[in-house]
Amino acid sequence: LVVSSCVAGMMRKPQKSYAYEPFGLCKHSLVLALLSGEVIHALGLPRTLVDELFLDGLLHDAGKLVLDPLLGGHVSSTGRLGTQRERELAGTDHCAVGVMMAEHWKLPAHPSEVIAHHHDVAAAAPQYRQHAAIINVTDWLTNHFGTGLGENVQLDQTFDPAVLDT
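What you see is a predicted model; the values in this text were computed from it and never measured. (Residues numbered from 1 in each chain as written. Predicted model: local features only at pLDDT ≥ 70, side-chain atom pairs only at ≥ 80, totals over all residues. Heavy atoms only, no water.)

Moving on: the confidence of the model for the chain. The predicted model of the chain averages 87 in pLDDT, with 87% of residues at 70 or higher. Looking over the chain, one finds the lowest element-wise mean pLDDT in helix α1 (residues 2-8), namely 60, and the highest in helix α6 (residues 94-104), namely 95. (pLDDT = per-residue confidence, 0-100. Helix = DSSP H or I, 4+ residues; strand = E, 2+ residues; numbered from the N terminus.)

Before going further, it helps to spend a moment on the pattern of salt bridges. Inspection of every chain in the model, using the stated rule, returns 4 salt bridges. The closest approach of N and O atoms between Glu 21 and Lys 27, which form a salt bridge, is 2.6 Å. According to the relative accessible area criterion, Glu 21 is partly exposed, its value standing at 24%. A relative accessible area of 40% means that Lys 27 is categorised as partly exposed. Arg 85 is the salt-bridge partner of Glu 88, the closest N and O atoms lying 3.1 Å from each other. Placement of the pair is Glu 88 and Arg 85 together in helix α5 (residues 83-90), with a separation of 3 residues, close to one helical turn. (Salt bridge = Lys/Arg side-chain N within 4 Å of Asp/Glu carboxyl O. Buried < 20%, exposed > 50% of the residue type's maximum accessible area, 1.4 Å probe, protein only.)

With that settled, the discussion passes to the nonpolar core. Nonpolar side chains tend to gather and get buried jointly when the protein is soluble and globular. If you look at the biggest cluster of nonpolar residues, it comprises 15 residues, and the most contacted ones within it are Tyr 18, Tyr 20, Leu 59, Leu 67 and Ile 115. Going through the elements one at a time, α4 (63-67) and α6 are the ones with two or more residues in this core. Of all the elements, α6 adds the most residues to this core, at 4 residues. Once residues lying within four places of it in the same chain are set aside, the contact partners of Tyr 20 are Pro 14, Gln 15, Leu 25, His 28, Asp 61, Lys 64, Asn 143, Thr 147, Gly 148, Leu 149 and Gly 150. Core analysis: the second largest hydrophobic core is formed by 8 residues, Leu 32, Ile 40, Val 114 and Ile 134 among them. (Core = buried A, V, L, I, M, F, W, Y, C linked by side-chain atoms within 4.5 Å. Contact = heavy atoms within 4.5 Å.)

Okay, here's the thing in structure tokens:
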């Protein structure tokens, strides 16, 4: 709750480089966090994971809050600014910045692993790979349905079905 309330103030503005409306990243992250609990329930995973994945979901894109002003509104034609393009424009990506934020806040290991690897699940530490996979899938779903995105933004994103095995 403390982390959420601290970050929520930063989310008031639209993140133009990522095509999010005002509070859009907040909506996206909250829906994703809630949806991760539904996935845990549907898979019959331990209920203890719900709180961990809720935090992971809220923070998975926290680095975008820091990078957005540095990117100058450079949104791709699909509304999706990939990590490669972030590195070209800012010399880093939202995953790396998010990890620095999590470490500065002295959060447990699982949010850092998920923040770092929610786009590359196979690279996550084995004990957190399932966390990263669930956030990857719920991230894809919330993006697919346009949660938090500005009007007329259509994301052209791919989904790696191998993540479902994890």
